[in-house]
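Residues per chain, in single letters:
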There are 2 protein chains.
Amino acid sequence: MERSVSGVAVLDKSVRILEVLADGRRRNLAELVADTGLPRATCHRLLHALQAHGLTHLGGDDRWELGDRLGELAGSIGGPGLAAVASGPLHRLVEETGESAQLYVARGGQRVCVIAVESPQSLRTIVPVGAVLPLDRGSAGQILSGRPAALRRGWAESVEEREKGVASVSAPVRRDGAVVAAVSVSGPVERTSRQPGRRYAAVVVAAASAIEAALETATTR
Amino acid sequence: MERSVSGVAVLDKSVRILEVLADGRRRNLAELVADTGLPRATCHRLLHALQAHGLTHLGGDDRWELGDRLGELAGSIGGPGLAAVASGPLHRLVEETGESAQLYVARGGQRVCVIAVESPQSLRTIVPVGAVLPLDRGSAGQILSGRPAALRRGWAESVEEREKGVASVSAPVRRDGAVVAAVSVSGPVERTSRQPGRRYAAVVVAAASAIEAALETATTR
DNA sequence: TCTCGCCATCCCGTAGAGTGGGATAGGCTT
DNA sequence: AAGCCTATCCCACTCTACGGGATGGCGAGA
């Protein structure tokens, strides 16, 4: 038995199966045996055990893929329904500021855009949902990497840090005291000015507070 | 040892921990022991093993939460980068039709909105990202539930099925022959008419094809 | 300062869970 | 009919995972 990564060999093998399937390619049992390096009986047994929990799924074409329950579990990262309760406040933020707004969560040492509402103006920043951005650039990165100065002030701003001509302001969304997301407004420097915080911090922080209030209501239900 | 759900007891216990954490409440070890019913040493050992795989995370405040890797794994359901490659075609769809567009994936017998691009018109349908909708109503539900007539025709339409005054058209996004998502355009009946398919089916199907082409390019890299 | 209670971590002997080679059955192709 | 490849299942056996109890740390209260 090769050395265990985590100290629990069954978990190591199970996660190896999930990680192989995470490239999106659906595979039959033989392909999975080849790609995971597991003996066929072991792979078979673990696949069906994972399926019992909804983490894998065997399609009608005898090919395996990741299961829906995985998405359901992951959907609760940042708390259940974060995306659902954040949508309204983000739309109002766009109406108030005229600029695009996004919601980011930290994930694997980077940040991921989970909601994007674009400015109606023809010159606007576009960040697609699902976009993965660094933590070391941009105002949302300052928030999600826990930079003390930004958290103390309650918001962060950046000017042309991640992209030329773009400025942004972000504020933390907290749940149980921990930062679970960052609300962000971004636009061209020509409109935001080189002190975007002065212009937008108050409404960005207010949007973050509205999301926190909605999360609290959801939690106490 | 109580009866195993899946036949692999380690997996059963590990998933039990993840499911307890999926309510979004962060917990210390003692709370997790109480909520999972596992002996403390077992719970401790499995939590750290899950953390080694990124599936759980121990915060600085000694409280456990679901880990980022879970989201990364789940993000590849429907194939890696689905959200990223679909954003562009959906925006163009909104520009062409003037109506709101969404991308849905099937998940746990329902459908979940993973991208939403809203119409610039003041009267528009709003579906927040993360919204969970039924499969038995709406054009996207017809696509994702595999209704033969809809798949044969290549698109589906619905008029006031899910919501009064709203009509929609959807088309399947396929990957390796399987339907992985549905592209949808929706708006008020006053504008879409009671035959929204006649008006929009061609461009919705074209948007779905563009997403499929982008996914194929991503896969062969 | 001392005591107590509660926390997380670690140890390690052992029971039985999980292993995986090989047998089996089914389906498809030649 | 034969050959090949698939998934499933069996079960003897190995060694993994178990979990009670010991330990140390920390904070609160007397």
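If you're wondering where the values come from, they're calculated on a predicted model, not measured in any experiment. (Residues numbered from 1 in each chain as written. Chains lettered and ligands numbered in written order. Predicted model: local features only at pLDDT ≥ 70, side-chain atom pairs only at ≥ 80, totals over all residues. Heavy atoms only, no water.)

Participant: How would you sum up the packing of aromatic side chains? Please name residues and give values.
Facilitator: By the definition in use, this model includes zero aromatic pairs over all chains. Sitting over the ring of Trp 155 of chain A, Arg 153 of chain A keeps its end group 4.4 Å from the ring centre. (Phe/Tyr/Trp six-rings, centres within 6.5 Å; stacked < 30°, edge-to-face > 60°. Lys NZ or Arg CZ within 6 Å of the ring centre and 35° of its normal.)

Participant: Tell me about the side chain of Ser 6 of chain A, and please be specific about residues and values.
Facilitator: Within the secondary structure layout, Ser 6 of chain A lies in the segment before helix 1 (9-21). On the basis of relative accessible area, Ser 6 of chain A is assigned to the buried category, the value being 16%. From its side chain, Ser 6 of chain A meets the backbone nitrogen of Val 8 of chain A in a polar contact 3.2 Å long. For Ser 6 of chain A, the side chain forms a polar contact with the side chain of Asp 12 of chain A, separated by 2.6 Å. Aside from chain neighbours lying at most four places away, what touches Ser 6 of chain A is Leu 11 and Asp 12 of chain A together with Ala 49, Ala 52 and His 53 of chain B. (Helix = DSSP H or I, 4+ residues; strand = E, 2+ residues; numbered from the N terminus. Buried < 20%, exposed > 50% of the residue type's maximum accessible area, 1.4 Å probe, protein only. Polar contact = N/O pair within 3.5 Å; in protein donor to acceptor, adjacent residues only side chain to side chain. Contact = heavy atoms within 4.5 Å.)

Participant: Explain the packing of helix 1 (residues 9-21) of chain B against helix 3 (residues 40-52) of chain B to me, using residue names and the numbers behind them.
Facilitator: All names here are of chain B. Axis separation between helix 1 and helix 3 bottoms out at 10 Å; the angle between their running directions is 80°. Judged by the inter-axis angle, helix 1 sits roughly perpendicular to helix 3. In this structure, helix 1 contributes Val 10, Lys 13, Ser 14, Ile 17 and Leu 18 to the contact, and helix 3 contributes Thr 42, Cys 43, Leu 46, Leu 47 and Leu 50. Residue composition of the contact of helix 1 with helix 3, by class: seven nonpolar, two polar and one charged. (Axes fitted to C-alpha atoms, helices over the stretch in contact; angles between N-to-C directions. Parallel < 35°, antiparallel > 145°, perpendicular 65-115°, else oblique. Nonpolar A, V, L, I, M, F, W, Y, C, P; charged D, E, K, R; others polar.)

Participant: Give a detailed account of the protein's contact with DNA strand D, specifying residues and quantitative values.
Facilitator: Close to DNA strand D lie 19 residues, the nearest being Ala 9, Leu 29 and His 44 of chain A together with Thr 42 and Arg 45 of chain B. Backbone atoms, meaning sugar plus phosphate, form 77% of the atoms of DNA strand D positioned within 4 Å of the protein. In this structure, a phosphate oxygen belonging to DNA strand D sits 3.4 Å away from a main-chain N or O atom of Gly 7 of chain A. The backbone of Ala 30 of chain A places a nitrogen or oxygen atom 3.2 Å from a phosphate oxygen of DNA strand D. Residue classes in the surface near DNA strand D are distributed as 10 nonpolar, five polar and four charged. (Near = heavy atom within 4 Å.)

Participant: Tell me about the protein's contact with DNA strand C, residues and numbers included.
Facilitator: Lining the immediate environment of DNA strand C, one finds 19 residues, of which Lys 13, Thr 42 and Arg 45 of chain A together with Leu 29 and His 44 of chain B sit closest. Among the atoms of DNA strand C close to the protein, meaning within 4 Å, 78% are from sugar or phosphate groups. One of the backbone nitrogen or oxygen atoms of Ala 9 of chain B is found 2.9 Å away from a phosphate oxygen of DNA strand C. When contributions to the surface near DNA strand C are tallied by element, the ones reaching two or more residues are helix 1 and helix 3 (40-52) of chain A together with helix 1, helix 2 (29-36) and helix 3 of chain B. Its residues assigned to classes, the surface near DNA strand C comprises 10 nonpolar, five polar and four charged.

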